[in-house]
Amino acid sequence: MRQSHQLPLLGLLLFSLIPRQLCEICEVSKNNYADLNPLINTMINSKYTKGIQAANVLLSLRLGGILNQCQEQQLIQQVKLTVYYKDSTLTSGQLALAILALGACKMPDETSIRYPKLVKKLRNKFKAEIKNMGKHNGNPLTNYYQLSLDVLALCLFRGKFSITKVAKIFEPENKNFYFKGQFSVDTGAMAVLALTCVKNITNGKKKTDMENLNNINNHIKSLIEKILSQKKENGLLGNIYSTGEAMQALFVSSDYYNESKWDCQQTLDTVIMEIHKGAFRIPTAAAQILPALMGKTYLNVNKDSPCVYGPGDFNISTVEPITVTPPLSPSQIQVNYSVVIIKETHSTTVSVANGSVFLDVMEAAQEKNATLFSFTVEERSWGPYITSVQGLTANNNNRTFWELLNNGQPLDQGVGSYIVHEGDNLEVRWSTY
Ligand code: CBY
């Protein structure tokens, strides 16, 4: 009799001792905020936060409540300059990101940002994306990651857009969710955030709204399934660089999957390990992972909610970010490099200093033979991006790009960050995505 009374109590005690492994939002606990310092240092101290990169960084640090007002002012100034002076050259997603960053929260004496004007500009850029899809076989000017940022910003800042059109564009089987047949977790995650915002502001009173809501719900469910199907054994979602945004998507859509399908803590532990290995040395990479680690998502952007200022729990050093690269030994290494255009291959072997990146190899090859190995490069938010080789230029209208490979495998880093090793077989290949 007494025993049967004790059993439920024992059960309760055991249950409370089980660590909460499965959760809707898991985040780094305040005691462990030191784990985030490398990310914050990379963002705050980077001399390389140029142009629109500052928007990524500002958005992230504001969501985390990490900046002090002086640091915030500096970044805001940089974003404003980019928006006002580079306006016509900004892509739709870059403008969307700038709006999200500027309006992430409300500063005590905020007056000067004219959101309606910015939002109208974004609407026009979004329209141009759709128009391009009509003209060029369903291919937008940029890509679906940026169209998702557009819809997210339009939705959060009360811009006009057609919900019916959004429901139609973001059909999960659309080719723009895939690169070379592989589902893009980054793109899917951003689309889930955008669609969730649209869902939240749509009331199902009218019949068309009901239909749209139904479609949007189905899209979110299917995108979440696709994201979870890209979960790796160590808990990463897609690769290390898509995991932060995928976590955000999973946070806001916990009604759409069974909690046994995702062990958030495992994902978090792997990401923390990667932080210490130096995986997030690019400011944009650090900016994209941080919000999720602090339990925040881009849906927390709210231009009417007061900004939170730090540093509270952070101990930010003003010294340079620690570089984890081993001290460069003066020795040279040999690597093979090829340019592949359909069936034509041009190869060479070059010698570069130990610790060099892919771009150094391309430069060395170009110096050896400017006809075969000439190339052009453009600065993007993740660093240098190869736009043309041998005068042949990548083009979004026909989904062509210069793919980077080593030993036949596509790289998950760009030319400015992939560190080459002795004997690598590097390749830039004319490809379609
Ligand atoms: N941002 C964007 O518009 C980019 C969106 C994005 C989905 C992005 C990844 C994800 C992100 N979080 O930002 C993206 N890449 C796209 C859309 C593209 C295509 C660009 C053309 C277009 N339609 O807009 C394309 C051509 C398919 C592409 N990425 C190519 C490449 C290769 C670049 C090679 C080159 N020519 O220089 C490369 C290196 C893959 C390869 N092996 O060739 C590549 N991308 C990589 C590795 C990445 C990751 C970068 C990781 C890193 N550490 O540098 C990426 C985060 C990203 C940037 N691409 Co793309 C994806 C990942 O690995 N998780 C919005 C804007 C406002 O900033």
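None of the values given here were measured: they were computed from a predicted structure.

K.L.:
Go over the site of the ligand, please, and point to the residues and values.
P.N.:
The local shell around the ligand holds 29 residues, among which Asn 143, Gln 146, Asn 239, Leu 411 and Tyr 433 are the closest. In this structure, Asn 396 approaches the ligand through a side-chain N or O atom, which is 3.4 Å from a nitrogen atom. Gly 414 has a polar backbone atom sitting 3.5 Å from an oxygen atom of the ligand. For the shell around the ligand, the secondary structure elements donating two or more residues are helix 5 (92-102), helix 7 (144-156), helix 9 (185-201), strand 6 (383-389) and strand 8 (400-406).

K.L.:
Break down the UniProt feature "domain: Transcobalamin-like C-terminal" (unreviewed entry) in the protein for me, citing the residues and quoting the values.
P.N.:
According to UniProt, the feature "domain: Transcobalamin-like C-terminal" (unreviewed entry) maps to residues 355-431 in the numbering used here. Its end C-alpha atoms 28 Å apart, residues 355-431 is made of 19% helix and 40% strand.

K.L.:
How would you sum up the state of the cysteines? Please name residues and give values.
P.N.:
Tallying each qualifying case throughout the model produces three disulfides. Disulfide pairing is shown between Cys 105 and Cys 307; the S-S distance is 2.1 Å. Disulfide Cys 105 to Cys 307: torsion about the S-S bond roughly 95 degrees, handedness right-handed. Taken together, the residues span a long stretch of sequence, with Cys 105 in the loop between helix 5 and helix 6 (115-135) and Cys 307 in the loop between helix 13 (283-293) and strand 3 (332-341) at a distance of 202 residues.

K.L.:
Talk me through the sheet that holds strand 10 (residues 425-432); I want residue IDs and the actual numbers.
P.N.:
One open sheet holds the five strands; their spatial order is 4-3-10-8-9, and the pairing between them is mixed. This sheet does not close on itself; its edge strands, each paired only once, are strand 4 (344-353) and strand 9 (409-410). In this structure, strand 3 lies alongside strand 10, joined through five bridges in parallel fashion. When the bridges of strand 10 are listed, Asn 336 appears paired with Asn 425.

K.L.:
Account for a nonpolar patch on the surface, naming residues and giving values.
P.N.:
A contiguous nonpolar surface patch, about 370 Å² in accessible area, is contributed by Leu 81, Tyr 84 and Tyr 85. In this structure, Leu 81 sits in helix 4 (residues 69-85). Residue Leu 81 is classed as partly exposed on the basis of its relative accessible area, which comes to 43%.

K.L.:
Let's hear about the pattern of salt bridges: which residues, and what values?
P.N.:
When their charged atoms lie close together, side chains carrying opposite charge are able to pair. Summed over all chains, the structure comprises 11 salt bridges. Between Glu 72 and Arg 62 there is a salt bridge, with the nearest N and O atoms lying 2.7 Å from each other. Taken together, the residues Glu 72 in helix 4 and Arg 62 in helix 3 (residues 53-64) connect sequence positions 10 residues apart. Using a relative accessible area of 2% as the deciding quantity, one classes Glu 72 as buried. Two residues, Glu 225 and Lys 221, come together in a salt bridge whose shortest N-O distance is 3.6 Å. One end of the pair is Glu 225 and the other is Lys 221, both in helix 10 (residues 207-229) and four residues apart, which spans about a single turn.

K.L.:
Residues and numbers for the packing of aromatic side chains, please.
P.N.:
Counted by the stated rule, this structure contains 14 aromatic pairs. Taking 6.4 Å as the distance between ring centres and 85 degrees as the angle between the ring planes, the aromatic pair formed by Tyr 337 and Phe 358 counts as edge-to-face. Taken together, the positions of Tyr 337 in strand 3 and Phe 358 in helix 14 (residues 358-368) put the pair 21 residues apart, joining distant regions of the chain. When the ring of Phe 401 is compared with that of Tyr 433, the centres are 5.7 Å apart and the planes differ by 70 degrees; the resulting orientation is edge-to-face. Remark: Tyr 433 occurs in the segment after strand 10 and Phe 401 occurs in strand 8; sequence separation between them is 32 residues. Through a chain of ring-to-ring contacts, three or more aromatic side chains come together here, namely Tyr 144, Phe 170, Phe 177, Tyr 178 and Phe 183. A cation over an aromatic ring shows up here: Arg 380 above the ring of Tyr 385, its NZ or CZ 3.8 Å from the ring centre.

The rules behind these values
- Residues numbered from 1 in each chain as written.
- Predicted model: local features only at pLDDT ≥ 70, side-chain atom pairs only at ≥ 80, totals over all residues.
- Heavy atoms only, no water.
- Near = heavy atom within 4 Å.
- Polar contact = N/O pair within 3.5 Å; in protein donor to acceptor, adjacent residues only side chain to side chain.
- Helix = DSSP H or I, 4+ residues; strand = E, 2+ residues; numbered from the N terminus.
- UniProt positions renumbered as here; feature names shortened; annotations may be inferred.
- Disulfide = S-S within 2.5 Å.
- Pairing = 2+ DSSP bridges.
- Patch = residues over 30% accessible without salt bridge, like charges linked within 9 Å, V, L, I, M, F, W, Y side chains within 5 Å.
- Areas by Shrake-Rupley, 256 points an atom, 1.4 Å probe, with all protein chains shown as cover.
- Salt bridge = Lys/Arg side-chain N within 4 Å of Asp/Glu carboxyl O.
- Buried < 20%, exposed > 50% of the residue type's maximum accessible area, 1.4 Å probe, protein only.
- Phe/Tyr/Trp six-rings, centres within 6.5 Å; stacked < 30°, edge-to-face > 60°.
- Lys NZ or Arg CZ within 6 Å of the ring centre and 35° of its normal.

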